[in-house]
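# Descriptive structure summary
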Amino acid sequence: MTPELQAVILGVVEGLTEFLPVSSTGHLIVAESLIGYRDTGEVFTVVIQLGAILAVILYYWRQLTGQLTRLLRGSAPARTFWLNLIVASIPAAVLGLLLEKAIKAALFSPLTVAISAIVGGVILWWVDTRRHEVTVELTEPDLDSVTTRQAALIGVAQAVAIIPGVSRSGASIVGGLLTGLNRVTATAFSFFLGIPILGGAGLYSLYKARHALGSIPGGSSTLVIGTVVAFVTALVSVTWLLRYVSTHDFRGFAVYRVVMGAVILALLAAGVLH
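You'll find the protein chain entered in an unreviewed UniProt entry as Undecaprenyl-diphosphatase, with Deinococcus aquaticus given as the organism. Per UniProt, the comment on the protein chain under Catalytic activity (unreviewed entry) is "di-trans,octa-cis-undecaprenyl diphosphate + H2O = di-trans,octa-cis-undecaprenyl phosphate + phosphate + H(+)". Among the UniProt annotations of the protein chain, the heading Subcellular location (unreviewed entry) holds the following wording: "Cell membrane".

This is the structure in structure tokens:
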């Protein structure tokens, strides 16, 4: 398989799974193992997240510029919106800086992904089942209703996603649901929260590994290919998910996570994955 084809495959995996509550990192670890992808600089799969982030920025461009305009005009809800994003980003940013190397050394494996997928699926099912929310009429998120306390708790939940296989979007959505947000608002806030967290991680990794870009299979061109593919597929994924959660719950994703974990365990037992 050529490096360019590998980049396309990983870009599709990243874009489709980054904002779904199914763990993009987990899918990428398994996909890399299955297609024999080796990135010794460990930069490719982090940097292509920038493509997914650009998709969210494009999708929410009007809302972001609107919130910025409101902020400059002294709007209290706009101040709270931006403060919430900062507060919710702090736990994951701190843990990421402190534990990134240790987590990569000890937990980046298909086995960790399988266990995390199953546990995460059970938790997602439990959280969604205990709610009795009618979602048919929920088409627009109510981000002005999110309090700073809720944002802080969502940030703590999101920080758990430092463990491979624990979905960042899934963890933050679960945190939002547990704090009382409806599904559409929790999902939208998770998307906005991904901009500083994933964008910062991608830019930081790109800067830190700038001298190792030559170690990427196929060179910098495959990085561009993966990023562009991730952008396109993430835009499709984000658009679909927001429409989906306006009329559906998350239990289908919970079942998918459990099945995914079981399949990975079976592939490990069969020696297909290592």
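Next comes the rest of the write-up.
### Structural notes on the layout of surface pockets
Taken as a whole, the largest pocket spans an internal volume of roughly 1,300 Å³. In terms of lining residues, the largest pocket is bounded by 48 residues, among which Thr 25, Val 46, Gln 49, Lys 104 and Phe 108 are the most central. Mapped by element, the contributors of at least two residues to the lining of the largest pocket are helix H2 (24–35), helix H3 (44–47), helix H6 (76–107), helix H8 (148–159), helix H9 (168–178) and helix H10 (183–208).

### Section: helix H7 (residues 110–129)
Between its terminal C-alpha atoms H7 stretches 28 Å, which fits the 28 Å expected from 20 residues at 1.5 Å a residue. Taken residue by residue, H7 has Pro 110, Thr 112, Val 113, Ala 114, Ser 116, Ala 117, Gly 121, Leu 124, Val 127 and Asp 128 as its buried positions. Contact partners of the buried residues in H7: H2, H6, H9, H10 and helix H12 (251–269).

### Details of the packing of aromatic side chains
Applying the stated criterion across every chain yields a total of 11 aromatic pairs. Between Phe 19 and Phe 191, the ring centres sit 5.3 Å apart and the planes meet at 75 degrees, which makes this aromatic pair edge-to-face. Residue Phe 19 is found in the loop between helix H1 (3–17) and H2, and its partner Phe 191 is found in helix H10; the two are separated by 172 residues along the sequence. A single burial state applies to Phe 19 and to Phe 191, both of which are buried. Taken together, the aromatic side chains of Phe 19, Tyr 59, Tyr 60, Phe 81, Trp 82, Phe 191 and Phe 192 make up a single cluster linked through ring pairs. The cationic tip of Arg 251 hangs over the ring face of Trp 125; the distance from NZ or CZ to the ring centre is 5.8 Å.

### Here we look at the packing of H6 against H10
The description of two packed helices rests on the angle between their axes and on the distance between the axes. Their axes nearest at 9 Å, the elements H6 and H10 cross at an angle of 40 degrees. Accordingly, the angle class assigned to the pair H6 and H10 is oblique. The interaxial crossing formed by H6 with H10 has right-handed handedness. Listed contacts from H10 to Phe 81, Asn 84, Leu 85, Ala 88, Ser 89, Ala 92, Ala 93, Leu 97 and Glu 100 of H6 are Phe 189, Phe 192, Leu 193, Pro 196, Ile 197, Tyr 204 and Lys 208.

### Looking at the pattern of salt bridges
What the rule picks out here adds up to four salt bridges. When salt bridges with common partners are traced through the structure, they connect Asp 128, Arg 183, Asp 249 and Arg 251 into a single cluster.

### Some thoughts on the nonpolar core
Grouped together as the largest cluster of nonpolar side chains are 42 residues, with contacts concentrated most on Phe 19, Tyr 60, Phe 189, Phe 191 and Phe 192. Here this core takes 10 residues from H10, the largest share from any one element. Not counting the four nearest positions on each side in its chain, Phe 191 is found in contact with Phe 19, Val 56, Tyr 60, Val 238, Leu 241 and Leu 242. The next biggest cluster of nonpolar side chains, apart from the first, holds 16 residues, and it includes Ala 7, Leu 10, Val 43 and Leu 50.

### A closer look at the environment of Val 255
Within the secondary structure layout, Val 255 lies in helix H12. On a C-alpha basis, the gap between Val 255 and Trp 125 in space is 7.7 Å, while along the polypeptide they are 130 residues apart.

Cut-offs applied
- Residues numbered from 1 in each chain as written.
- Predicted model: local features only at pLDDT ≥ 70, side-chain atom pairs only at ≥ 80, totals over all residues.
- Heavy atoms only, no water.
- UniProt positions renumbered as here; feature names shortened; annotations may be inferred.
- 1 Å grid on protein atoms, 1.4 Å probe; cavity = no way out; pocket = protein on both sides within 12 Å on 5 of 7 lines; lining within 4 Å.
- Points joined across faces, edges and corners; volume = space filled by probe spheres on them.
- Helix = DSSP H or I, 4+ residues; strand = E, 2+ residues; numbered from the N terminus.
- Expected span 1.5 Å × (residues − 1).
- Buried < 20%, exposed > 50% of the residue type's maximum accessible area, 1.4 Å probe, protein only.
- Contact = heavy atoms within 4.5 Å.
- Phe/Tyr/Trp six-rings, centres within 6.5 Å; stacked < 30°, edge-to-face > 60°.
- Lys NZ or Arg CZ within 6 Å of the ring centre and 35° of its normal.
- Axes fitted to C-alpha atoms, helices over the stretch in contact; angles between N-to-C directions.
- Parallel < 35°, antiparallel > 145°, perpendicular 65-115°, else oblique.
- Left-handed = near helix turned anticlockwise from the far one by under 90°.
- Salt bridge = Lys/Arg side-chain N within 4 Å of Asp/Glu carboxyl O.
- Core = buried A, V, L, I, M, F, W, Y, C linked by side-chain atoms within 4.5 Å.

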